Amino acid sequence: MILVTGGAGFIGSNFVLDWLADHDEPVVNLDALTYAGNLNNLRPLEGDPRHIFVHGNIGDAALLSDLFTRHKPRAVVNFAAESHVDRSIHGPEDFIQTNILGTFRLLEAARAYWGGLENKSDFRFLHVSTDEVFGTLGADDPAFNEETSYRPNSPYSASKAASDHLVRAYFHTYGLPVVTTNCSNNYGPLHFPEKLIPLVIHNALKGRPLPIYGDGMQIRDWLYVKDHCSAIRRVLEAGRLGETYNIGGWNERANLHVVTTLCEVLDELQPRSDGKKYGEQIAFVADRPGHDRRYAIDARKIEAELGWRPAETFESGIRKTVRWYLDNADWVENVTSGSYRNWVEKQYA
Ligand SMILES: NC(=O)c1ccc[n+]([C@@H]2O[C@H](COP(=O)([O-])OP(=O)(O)OC[C@H]3O[C@@H](n4cnc5c(N)ncnc54)[C@H](O)[C@@H]3O)[C@@H](O)[C@H]2O)c1
């Protein structure tokens, strides 16, 4: 049994689906179902006894204690977080509550449970984090590696940095068997359409403007979500305790390049009915405050130590992603219309 938190969100739900496609080991999935949590993501698991969904908060100490006692997980994979930089700029409070205090409560509950285990060395606490904790890079700077200093610039990245430090401290102070992953920008199926790639696909198909912050030359290192999930599984299996692993796809791309690539793939797979190109919908908007210019991940450690490499290139992953959004218009419709919330309320009334 493993305990996954935030498993109704974008990466967490991909992780749970992939895990149960390959293992029979059950998953307890604890998710608060914020705006970003979507039980539709988990519909393929309806009625599957290997998936136990719990609607609750990682900040709820009593609930956590009960879950650990009842399910006796051999590992925790912590995805639960507030994850959207723009939202953290407008309202940082939830980021502090979940990403910092929530991670602290989860660590405390894990420590109490782990302290009572006979085979302490078999337990793992895997904390999922981001490359945004490292701050920003200049055009010629080397990519972030595991030795790069933390220099977070947004309330989101600062809250994730704080959680990473707490996880590290629980290893050094209490010996809790932890491992942390810092990953670059993910994209792929089940991505909430507030983030760049699903937003652009959604807006393009609706005939709406495709917003690009500033000059669109901010560089991100993109990773297909299924590759992130396979890396986390590998780290859970064989990562060294107390270590951090950077995960990336060696795919540095400027935002403008990402958007034009999406437009070209859409032009091919679902051309506009008026014969024009999707690229005509691109609209430059004012830049985000404190917008980091470049992120790049040096993923040599996870490759050398654990033999992990991404399976997708940027081009193959983008094509799969566009195909998925075209084939799953009902998922997007549910997410954007809010009707999935009614469905959630019915399920958990
Ligand atoms: N998306 C990326 O590109 C990316 C890259 C690197 C790391 N990460 C990290 O991976 C994790 C997952 O990211 P995501 O993009 O899937 O995020 P997401 O916003 O799609 O999902 C987060 C999930 O956590 C749940 N949640 C939020 N607060 C909670 C709480 N207090 N208790 C329990 N559940 C709660 C939400 O309901 C949601 O299901 C985050 O920790 C994020 O920092 C994301």
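Parameters at a glance
Residues numbered from 1 in each chain as written. Predicted model: local features only at pLDDT ≥ 70, side-chain atom pairs only at ≥ 80, totals over all residues. Heavy atoms only, no water. Near = heavy atom within 4 Å. Polar contact = N/O pair within 3.5 Å; in protein donor to acceptor, adjacent residues only side chain to side chain. Areas by Shrake-Rupley, 256 points an atom, 1.4 Å probe, with all protein chains shown as cover. Helix = DSSP H or I, 4+ residues; strand = E, 2+ residues; numbered from the N terminus. Nonpolar A, V, L, I, M, F, W, Y, C, P; charged D, E, K, R; others polar. Buried < 20%, exposed > 50% of the residue type's maximum accessible area, 1.4 Å probe, protein only. Arc of directions from axis to C-beta. Pairing = 2+ DSSP bridges. Axes fitted to C-alpha atoms, helices over the stretch in contact; angles between N-to-C directions. Contact = heavy atoms within 4.5 Å. Phe/Tyr/Trp six-rings, centres within 6.5 Å; stacked < 30°, edge-to-face > 60°. Lys NZ or Arg CZ within 6 Å of the ring centre and 35° of its normal. Parallel < 35°, antiparallel > 145°, perpendicular 65-115°, else oblique. pLDDT = per-residue confidence, 0-100. Left-handed = near helix turned anticlockwise from the far one by under 90°.

Chemist: Describe the site of the ligand, with residues and values.
Modeler: Around the ligand sit 28 residues, and of these Ile11, Asp31, Ser83, Tyr156 and Lys160 come closest. Here Gly9 contributes a backbone N or O atom positioned 2.9 Å from an oxygen atom of the ligand. Measuring from an oxygen atom of the ligand, one finds a side-chain N or O atom of Tyr156 at 2.6 Å. Contact with the protein chains covers 96% of the free accessible surface of the ligand, which is 830 Å². Among the secondary structure elements, those contributing two or more residues to the shell around the ligand are helix 1 (10–22), strand 5 (124–130), helix 5 (155–174) and strand 7 (185–187). Examining the composition of the shell around the ligand, we find that three residues originate from one element, strand 5, more than from any other. Among the residues making up the shell around the ligand, the classes are represented as 13 nonpolar, 13 polar and two charged.

Chemist: Tell me what's going on with helix 11 (residues 329–337), and back it up with residues and numbers.
Modeler: Considered for burial, the residues of helix 11 that qualify are Trp331, Val332 and Val335. Considered in projection along helix 11, the buried side chains sweep an arc of 95° and stay on one side of the axis.

Chemist: Go over the sheet that holds strand 5 with me, naming the residues and quoting the values.
Modeler: With respect to topology, seven strands assemble into an open sheet ordered 3-2-1-4-5-6-10, the strand pairing being parallel. The strands lining the two open edges of the sheet, one partner per strand, are strand 3 (51–55) and strand 10 (244–247). Each adjacent strand pair in this sheet contributes to an overall mean axis angle of 20°, direction not counted. Alignment of strand 2 (residues 27–31) against strand 3, held across five bridges, turns out to be parallel. When the sheet's bridge partners are listed, Val28 is paired in strand 3 with Ile52. Contacting strand 1 (2–5), strand 4 (75–78) and strand 5, helix 4 (residues 93–115) crosses the sheet at an angle of about 165° to strand 5.

Chemist: Got a sec to walk through the packing of aromatic side chains? Specific residues and values, please.
Modeler: Tallied over the full model, the rule gives 16 aromatic pairs. When the ring of Trp324 is compared with that of Tyr325, the centres are 4.9 Å apart and the planes differ by 80°; the resulting orientation is edge-to-face. Taking relative accessible area as the criterion, Tyr325 reaches 5% and is therefore assigned buried. Here the aromatic residues Phe134, Phe144, Tyr150 and Tyr295 are joined through ring pairs into a cluster of three or more. In this arrangement the basic side chain of Arg87 is found over the ring face of Tyr35, its NZ or CZ atom lying 3.4 Å from the centre. Between the NZ or CZ atom of Lys301 and the centre of the ring of Tyr245, over which it lies, the distance is 4.7 Å.

Chemist: Break down the side chain of Asn186 for me, citing the residues and quoting the values.
Modeler: Position of Asn186 relative to the elements: it lies in strand 7. Among the polar contacts listed, one links the side chain of Asn186 to the backbone oxygen of Ser184, at a separation of 2.9 Å. At a separation of 2.7 Å, a polar atom in the side chain of Asn186 contacts the side chain of His228. Excluding residues that lie within four positions of it along the chain, Asn186 makes contacts with Phe10, Ile11, His191, Trp222, Leu223, Val225 and His228.

Chemist: Lay out the packing of helix 10 (residues 314–327) against helix 11 with the relevant residues and their values.
Modeler: Contact geometry for helix 10 and helix 11: axes closest at 5 Å, N-to-C directions at 75°. When the interaxial angle is binned, helix 10 and helix 11 end up roughly perpendicular. Touching Trp324, Tyr325, Leu326 and Asp327 of helix 10 are Ala329, Trp331 and Val332, all from helix 11. Split into classes, the residues belonging to the contact of helix 10 with helix 11 amount to six nonpolar, no polar and one charged.

Chemist: I'd like a rundown of the confidence of the model for the chain, residues and numbers included.
Modeler: On average, residues of the chain score 94 in pLDDT, and 97% of them are at 70 or above. Overall, residues 340–349 carries pLDDT values under 50, and its contacts beyond four positions in sequence, including any with other chains, amount to 19 contacts.

Chemist: Requested: an account of the sheet that holds strand 9 (residues 219–224), with residues and values cited.
Modeler: Overall, mixed pairing links the three strands, which are arranged 7-9-11 in an open sheet. Among the strands making up the open sheet, the edge pair consists of strand 7 and strand 11 (252–254). Strand-to-strand twist across the sheet, computed as the mean angle between neighbouring axes with direction ignored, equals 50°.

Chemist: Summarise helix 6 (residues 196–206); cite the residues concerned and give the values.
Modeler: By the burial criterion, the buried members of helix 6 are Ile197, Pro198, Val200, Ile201, His202, Asn203 and Ala204. The inward-facing, buried residues of helix 6 abut strand 7, strand 8 (210–213), strand 9, helix 8 (255–269), helix 10 and helix 11.

Chemist: Just give me the short version of the packing of helix 8 against helix 10, but keep the residues and values in it.
Modeler: One way to put it is that helix 8 packs onto helix 10 with a least axis distance of 10 Å and a crossing angle of 55°. The angle between helix 8 and helix 10 places the two elements in the oblique class. You can see that helix 8 and helix 10 cross each other, and the crossing is right-handed. For the pair helix 8 and helix 10, the contacting residues are His257, Val258, Thr261, Leu262, Val265, Leu266, Glu268 and Leu269 in the first and Phe314, Ile318, Arg319, Val322, Arg323 and Leu326 in the second.

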